[in-house]
Amino acid sequence: MPQLDSWIVLNGGASSLVLEVVPGEAPLWRYWGPRLRDGALPPGALRSDRPTPSFSPEFDQPLSLVPGLGQGWFGEPGLKAHREGRDWTFQVTDCVAAQEGQRAVITLTDRVAKIAVAVTLALDPMSDVLTVATTLTNQGEGVLEVQWLAAAVLPLPDHARSVRSFSGRHNTEFVAVDDALTRSQWRRENRRGLTSHDCVPGAVVQAAGCAYGAQLAWSGNHCQLIDWVDDGRWQWQLGEALMPGEVRLAPGQVLTTPEVLATCAADANGVAQNFHAAIRARMDWPGAAMRPRPVHLNTWEGFYFDHDEAALKELADAAAKAGIERFVLDDGWFHRRNDDTTSLGDWWPDDAKYPNGLGPLAEHVTGLGMEFGLWVEPEMVNPDSELYRAHPDWALQVAGRSLITARNQLVLDMGRAEVRDYLYERLAGLLSELPIGYLKWDHNRDLTAAGERPSFRRQVLGTHDLLARLRAAFPLVEIEACAGGGGRIDAGIARFTHRFWTSDNIDAISRVGIQRGYLQFFPPELMGSHVGAAPAHATGRIQTMRFRNHVALPGHFGVELDLRKLSERDLERLGEGIARYKALRGRLHAGQVWQGEGADGLLWQAHGTATDLILMVTRIDPQTQRHAPGLRLPMLDPARRYRVGEAEYAGAWLVQHGLSLPPLRGESGLVLEVTAL
Ligand code: DGJ
């Protein structure tokens, strides 16, 4: 890679970044924002026109790629580490910056603290997503205790105003939280051991005329903060949250952070579109390309633990008749699993429910032309299980502390090779013996006392290792990432999986907000969206089949109810929903996604391109206005003409005045195709 001694400039299609290379220092952040013209560089060094303010060190330390402690940087450092209380400062003595195309690697060495940090930045010109990861090497003699290593330190401009992050809980994922950016530090931290329902590892920052987004590709503890900088800018750090003693690097050992995906775009929709493109490019699909997302039938809410082979075969018959393409047998199929108190870990079929194993049901399903999928929760064990009785020490624990169960279960130590081997053998056995095309991989609790030494990080890496091993051995099997719904939705696990179970809450009204938040970070084809029963099990609310179909349409569509119990009319309506999804899925799951709010509580989203859109309009509460104003579609080309249904419009009219919509009742929706002529 050619070495640089002045500027690092990376250009995307619509964004640029500029770092100032200073000999013997970490490069200084000069710019990240909308695309600069080629050659538009700062007129000189940052310090050349910054006089020393009063009561300030004579050494001026601006925001750098890895802000260090002890050198006049008083903001949050990008690295916090020490060797038994020494070597806690990080002051770069040597900087080697190399760049090839849109990828730069900056290696920073501190010869005094004997620490090296290397940051890799790659700006993809197709998606405008910047991928950043950092490695830390202990070049000293003693053990280096690491408290914090930012995966990325990103600059935000002085005109950044607010940050939208996402909170929530089980059954209520992706609750948007808007905070103003002030001089107080903004911080979101998750210590639940997996991505969590409570704290999405990413956010979107609104600035004047543009928006910034970042997300951490990691399925464990994480932290992000936005910190005001003395020159009026902000720094945004994202990384893995480490527990005390969790990372102790022996001499020569290296810590590699998860990747951060970051982007700058015109607005939050642009941020989402860039993220979708980047995640699509990272996906590892069986056969190298995504095939149309098959309609699911999931047995959970229809059957729970009450598995009856004959009834499940009837369900499969009804599913095939309704046009369903994949039948997923959820929890309840394995050894003595009759409720959620026992058996996790005992991954063989229950011989009372399935006296001849799962083969007859699986073959019945595949014989009907559907794929057969199976639910598993490999990382867990119930104290009441054969596995726990044989290996109680395999559960994560701290001697002398009580074992805290959640949903009656404990967490296996995925850092141990024998645990992973056991799980591999069980799962590989099932995958080899049965015609399984799909695994739903669940994780139904947060981690508490995760190991004598905190093992949160090992847990994530161990799970990734097991997933990678299974993917390599069974490359045609797709996997769904689930953690009590949306507890493990992140770009890290997306490397190994092909669908997210967005929420255990299938109530269509609740789902509207959950799905809108999800789409800020991840593409619609990975978003499991089901038509559930009425009343909805999570909320008790009742919605029409049409509305349930409408809300499930944009994602990876599925059905989660006992089809045998549906009225003729609902079955017919569901069939219409399935047929519409099949007709539109190719266009719903390609191209871009725009979301917006019309007047009077109207919500809309559009999937596709500026010349071919599927427009989904959703109304939750009844209209309060007698006549609805036009719904403006800003992404259309004002110079073209469009067909919407039977009518023709000038593009400029739809952009500026908007589309006239018929009156909509509460809990209803409209799907329109908007096509350029
Ligand atoms: C939680 C999941 O989110 C549900 O869909 C279901 O698979 C249950 N676990 C099964 O225990």
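Here the structure is shown first, and the text comes after it.
Along each chain, numbering runs from 1 in the same order as the chain's sequence is written. Where totals are concerned, whole chains, interfaces and linings use all residues; where local detail is concerned, this predicted model gives features only for residues with pLDDT of at least 70, and gives and counts side-chain atom pairs only at 80 or more. With hydrogens and water set aside, each side-chain value is computed from the structure's full complement of heavy atoms.

Things to note about the overall build of the chain
Here is the rule: Each helix is a run of H or I in the DSSP string that is no shorter than four residues. Each strand is a run of E no shorter than two, and both are numbered from the N terminus. When accessible area is computed with a 1.4 Å probe and restricted to protein chains, residues below 20% of their type maximum are described as buried, those above 50% as exposed, and intermediate ones as partly exposed. Residue contacts follow a heavy-atom distance rule, with two residues in contact if any of their heavy atoms lie within 4.5 Å. Each accessible area value is a Shrake-Rupley result obtained with a 1.4 Å probe; residue values ignore everything except the protein chains displayed when judging cover. Neither His nor the chain ends contribute to the count of charged residues, in which Lys and Arg are positive and Asp and Glu negative. We put the charge of a Lys on NZ, of an Arg on CZ, of an Asp on CG and of a Glu on CD.
Within the chain, the secondary structure is distributed over eleven helices and 36 strands. Dimensions along the principal axes, computed over C-alpha positions, put the chain at roughly 80 × 70 × 40 Å. Expressed as a percentage of the 677 residues in the chain, the buried residues total 58%. Contacts in the chain between residues far apart in sequence, at least 24 positions, make up 68% of those at least 6 positions apart. Approximately 26,000 Å² of the chain is accessible, and the part contributed by carbon and sulfur atoms is 51%. For the chain, the centre of its 67 positive side-chain charges and the centre of its 82 negative side-chain charges are spaced 3 Å apart.

Let's talk about the packing of aromatic side chains
So the rule is basically this: Stacked, tilted and edge-to-face are the three classes applied to pairs of Phe, Tyr and Trp rings, where Trp contributes its six-membered ring and a pair requires centres within 6.5 Å; stacked means planes under 30 degrees apart, edge-to-face means over 60, and tilted covers the rest. The criterion is that NZ of a Lys, or CZ of an Arg, lies within 6 Å of the ring centre and within 35 degrees of the ring normal, and then a charge sits over that ring.
For the structure on display, the rule yields 18 aromatic pairs. Aromatic pair F166 and F521: ring centres 5.6 Å apart, planes at 85°, arrangement edge-to-face. Residue F166 is located in strand β11 (residues 160-169), and its partner F521 is located in the loop between α8 (508-518) and β29 (527-532); the two are separated by 355 residues in the primary sequence. Between the aromatic rings of W333 and F334, the centroid separation amounts to 5.2 Å while the plane-to-plane angle is 70°, which identifies the pairing as edge-to-face. The exposure class of F334 is buried, given its relative accessible area of 0%. An aromatic cluster is defined as three or more aromatic residues linked by ring pairs; in this entry it consists of F166, F174, F275, F500, Y518, F521 and F522. A cation over an aromatic ring shows up here: R183 above the ring of W228, its NZ or CZ 3.8 Å from the ring centre. Just above the ring of Y424 sits the side chain of R469; from NZ or CZ to the centre is 4.2 Å.

Section: the site of the ligand
Definition in use: It suffices for a single heavy atom of a residue to lie within 4 Å of a molecule or strand for the residue to be listed as near it. Counting of polar contacts relies on pairs of N or O atoms within 3.5 Å, with two restrictions inside protein: one atom must be capable of donating a hydrogen and the other of accepting it, and residues adjacent in sequence are counted only when both atoms are side-chain atoms. Each residue receives one of three labels: charged for Asp, Glu, Lys and Arg, nonpolar for Ala, Val, Leu, Ile, Met, Phe, Trp, Tyr, Cys and Pro, and polar for the others, Gly being one of them.
The ligand sits among 13 residues. The nearest are D330, D331, K440, D442 and D504. For the ligand, an oxygen atom lies 2.6 Å from a polar atom in the side chain of D331. W375 places a polar side-chain atom, nitrogen or oxygen, 3.0 Å from an oxygen atom of the ligand. With the chains in place, 98% of the 300 Å² that the ligand exposes on its own is no longer accessible. Of the residues belonging to the shell around the ligand, the class tally is four nonpolar, three polar and six charged.

Things to note about unusual backbone geometry
The step from A534 to P535 runs through a cis peptide bond, and the omega angle for that step is 0°. Following the sequence through the fold, P535 ends up in the loop between β29 and α9 (545-552). A positive phi angle is found at A288, which is not glycine, with a value near 75°. Topologically, A288 is positioned in the loop between α1 (268-282) and β21 (296-298). Given a relative accessible area of 73%, A288 falls into the exposed group.

Overview of helix α3 (residues 309-322)
Note the following rule: Any helix carries an expected span of 1.5 Å times its number of residues minus one. Taking the helix axis as origin, the arc is that swept by the directions to the C-beta atoms.
The end-to-end C-alpha separation of α3 is 20 Å, in line with the 20 Å expected for 14 residues at 1.5 Å each. Taken as a whole, α3 has its buried residues at E309, A311, L312, L315, A316, A319 and A322. End-on view of α3: buried residues confined to an arc of 155°, all on one side of the axis. Against the buried residues of α3 lie β21, α2 (300-303), β22 (326-329), α4 (359-367) and α10 (568-588). Directly after α3, the chain includes G323, whose backbone phi takes a positive value near 95°.

Concerning the pairing of strand β6 (residues 94-100)
Here is the key point about a regular strand: its side chains alternate between the two faces of the sheet. The test is simple: The pairing criterion for strands is at least two bridges between them, as found by DSSP.
In the sheet, strand β1 (residues 3-4) pairs with β6 via two bridges, with the strands oriented antiparallel. Of the residues in β6, the one forming a bridge with Q3 is A98. Both β6 and strand β7 (residues 103-110) contribute to a ladder of seven bridges, which runs antiparallel. Residue pairing across strands places A97 opposite I106, the latter belonging to β7.

Topic: the packing of α3 against α4
Heads up, the rule is: Axis definition: a line fit to C-alpha positions, over the contact stretch in the case of helices; interaxial angles, taken between N-to-C directions, run 0 to 180 degrees. For this classification, under 35 degrees means roughly parallel, over 145 means roughly antiparallel, 65 to 115 means roughly perpendicular, and everything else is oblique.
Between α3 and α4, the shortest axis-to-axis distance is 10 Å and the interhelical angle comes to 10°. Relative to α4, the element α3 is oriented roughly parallel. Contacts from E309, L312, K313, A316 and D317 of α3 reach α4 at P360, L361, H364 and V365. Of the residues contributing to the contact of α3 with α4, the split by class is five nonpolar, one polar and three charged.

Observations regarding the sheet that holds β22
The pairing of strands in a sheet happens through backbone hydrogen bonds and is either parallel or antiparallel. Spatially, the eight strands close up into a barrel ordered β21-β22-β23-β26-β27-β28-β29-β30, and their pairing is parallel. Within this sheet the neighbouring strands show an average axis-to-axis angle of 30°, counted without direction. Both β29 and strand β30 (residues 556-560) contribute to a ladder of five bridges, which runs parallel. Within the sheet, the bridge partner assigned to H530 lies in β30 and is G558. Against the sheet, α4 engages β22 and β23 (371-376), with an angle of about 140° to β23. Strands β29 and β30 of the sheet are contacted by α9, whose axis makes an angle of about 175° with β29.

Observations concerning the sheet that holds strand β31 (residues 592-597)
If you walk across this open sheet you meet the six strands as β31-β32-β33-β36-β34-β35, and the pairing is antiparallel. In this open sheet, the two strands that pair with only one neighbour each are β31 and β35 (647-650). Here the strands of the sheet are splayed against their neighbours by 25° on average, with no regard to which way each runs. Pairing geometry for strand β32 (residues 603-609) and strand β33 (residues 612-619), over seven bridges, is antiparallel. Bridge pairing in β33 places G608 opposite L613.

Side note on the packing of α9 against α10
Threshold: Left-handed describes a crossing whose near helix is turned anticlockwise from the far helix by less than a right angle; the clockwise case is right-handed.
Close contact between α9 and α10 brings their axes to 9 Å; oriented N to C, the two are set at 20°. One way to sum up the angle between α9 and α10 is to call them roughly parallel. In terms of crossing hand, the pair formed by α9 and α10 is right-handed. Facing α9, whose interface residues are M545, R546, R548, N549 and H550, α10 presents D570, R573, L574, E576, G577 and R580. Tallied by class, the residues present in the contact of α9 with α10 amount to two nonpolar, three polar and six charged.

Some points on the nonpolar core
To keep things clear, this is the line we draw: The criterion is simple. A nonpolar core is a set of buried Ala, Val, Leu, Ile, Met, Phe, Trp, Tyr and Cys residues joined through side-chain atoms within 4.5 Å.
In this structure, I324, F327, L329, W333 and L563 are the most contacted members of the largest nonpolar core, which totals 105 residues. If one sorts the elements of this core by residue count, helix α6 (residues 417-433) sits on top with eight residues. Ignoring anything within four residues of it in the chain, the contact list for F327 reads L297, T299, L312, L315, A316, V365, M370, E371, F372 and G373. Ranked by size, the runner-up nonpolar core spans 67 residues in total, among them W73, L121, W186 and A207.

Considering the environment of M290
Tracing the backbone shows M290 in the loop between α1 and β21. Relative accessible area serves as the criterion here: at 29%, M290 is assigned to the partly exposed category. Considered as a pair, M290 and E525 are 235 residues apart in the sequence and their alpha carbons are 9.2 Å apart. Residue contacts for M290: discarding those within four places in its chain leaves W285, E525 and H589.

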